[in-house]
Amino acid sequence: MAQAPARAASAVRLFDAHCHLQDPRVVAVAPALIRVATASGVARFAVNGTSEKDWHLVKQMAEDHPAVVPCFGLHPWWVPERSPDWMDSLRRFFTETPEAAVGEIGLDKGSHGKTIDFGEQVEVFQRQLELAKELERPVSVHCVRAFGDLLEILKQTGPFPAGVLVHSYMGSAEMVSGLANLGCYFSLSGFLTGMKSTKAKQMLKYPWIEFF
């Protein structure tokens, strides 16, 4: 009897470009999730920190699991909780973890983000972008309803040769080329199905778009 072909998944090597395996809701089962996903063809996992409270968990996870790419950053939702020496602490994590990327950082004017002072969000975001450029690290960016602000800030700080991933992109198709010229790449999530079809089709024409 002829041998059955190997599962298609085993021939595909995937990169989970944005996840939060350190989240308290899943951290206990993260090792099992990594094993199952690895067996299904996921080669690497970019685990994004969000605040000073979880950077050590991300670092430990990367030490325990070679497939994990650690990312350290202060997410806009946690800007009000930052300590006075948060930037020194962040820099220390990058010194101790040369393979780490910067993330998750960004801007948010959504339902939760609008409760957080936008000026503070911008200041924290800019400082982390400058650090990423200084250290030549890739960046993972969260942006909700602030794409015009994002483009202007990236213009002031960029370009970014190490790359910037704008995940779950929901901005206009017209902004894609301007952001891409600064070193940005884009991921599209299930929210794409809620867009007008003409807008979605316009974005999908660009070669910088990736699906995650």
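Residues numbered from 1 in each chain as written. Predicted model: local features only at pLDDT ≥ 70, side-chain atom pairs only at ≥ 80, totals over all residues. Heavy atoms only, no water.

Asks: Help me out: how do you make sense of the UniProt feature "binding site: a divalent metal cation 2" (unreviewed entry) in the chain in this one?
Replies: Mapped onto this numbering, the UniProt entry gives "binding site: a divalent metal cation 2" (unreviewed entry) at H142 and H167. Spanning 26 residues, the annotated positions come together in the fold, the maximum distance between their C-alpha atoms being 6.3 Å. Set against the largest pocket, the annotated residues named above that line it are H142. Within the secondary structure, H142 is located in strand β5 (residues 139-144). Given the relative accessible area of 9%, H142 is considered buried. Each residue touching H142, except ones within four places of it in the same chain, is listed here: H75, P76, W77, E104, I105, G106, L107, D108 and H167. By the secondary structure assignment, H167 is in the loop between β6 (164-166) and α6 (176-180). Here H167 is in contact with H18, E104, S140, V141, H142 and S187, once residues within four sequence places are set aside. (UniProt positions renumbered as here; feature names shortened; annotations may be inferred. 1 Å grid on protein atoms, 1.4 Å probe; cavity = no way out; pocket = protein on both sides within 12 Å on 5 of 7 lines; lining within 4 Å. Helix = DSSP H or I, 4+ residues; strand = E, 2+ residues; numbered from the N terminus. Buried < 20%, exposed > 50% of the residue type's maximum accessible area, 1.4 Å probe, protein only. Contact = heavy atoms within 4.5 Å.)

Asks: What is the right way to read the pattern of salt bridges from this model?
Replies: Side-chain pairing between opposite charges can occur once the charged atoms of the two side chains come close. Inspection of every chain in the model, using the stated rule, returns 7 salt bridges. Put simply, E63 and K59 hold a salt bridge, and the shortest N to O gap is 2.8 Å. Taken together, the residues span about one helical turn, with E63 and K59 both in helix α2 (residues 55-64) at a distance of 4 residues. (Salt bridge = Lys/Arg side-chain N within 4 Å of Asp/Glu carboxyl O.)

Asks: Is there a simple way to explain the packing of aromatic side chains in this structure?
Replies: Describing an aromatic ring pair means giving the distance of the ring centres and the angle of the ring planes. Evaluated as defined, the whole model comprises 6 aromatic pairs. Where W55 meets F93, the ring centres are 5.8 Å apart and the plane angle is 75°; that geometry is what we call edge-to-face. Pair noted here: W55 is in helix α2 and F93 is in helix α3 (residues 86-96), with a separation of 38 residues, a long-range link. Exposure class is identical for W55 and F93. Each is buried. Of the aromatic side chains, those joined through ring pairs into one cluster are W55, F72, F93 and F94. A cation over an aromatic ring shows up here: K109 above the ring of F118, its NZ or CZ 4.5 Å from the ring centre. (Phe/Tyr/Trp six-rings, centres within 6.5 Å; stacked < 30°, edge-to-face > 60°. Lys NZ or Arg CZ within 6 Å of the ring centre and 35° of its normal.)

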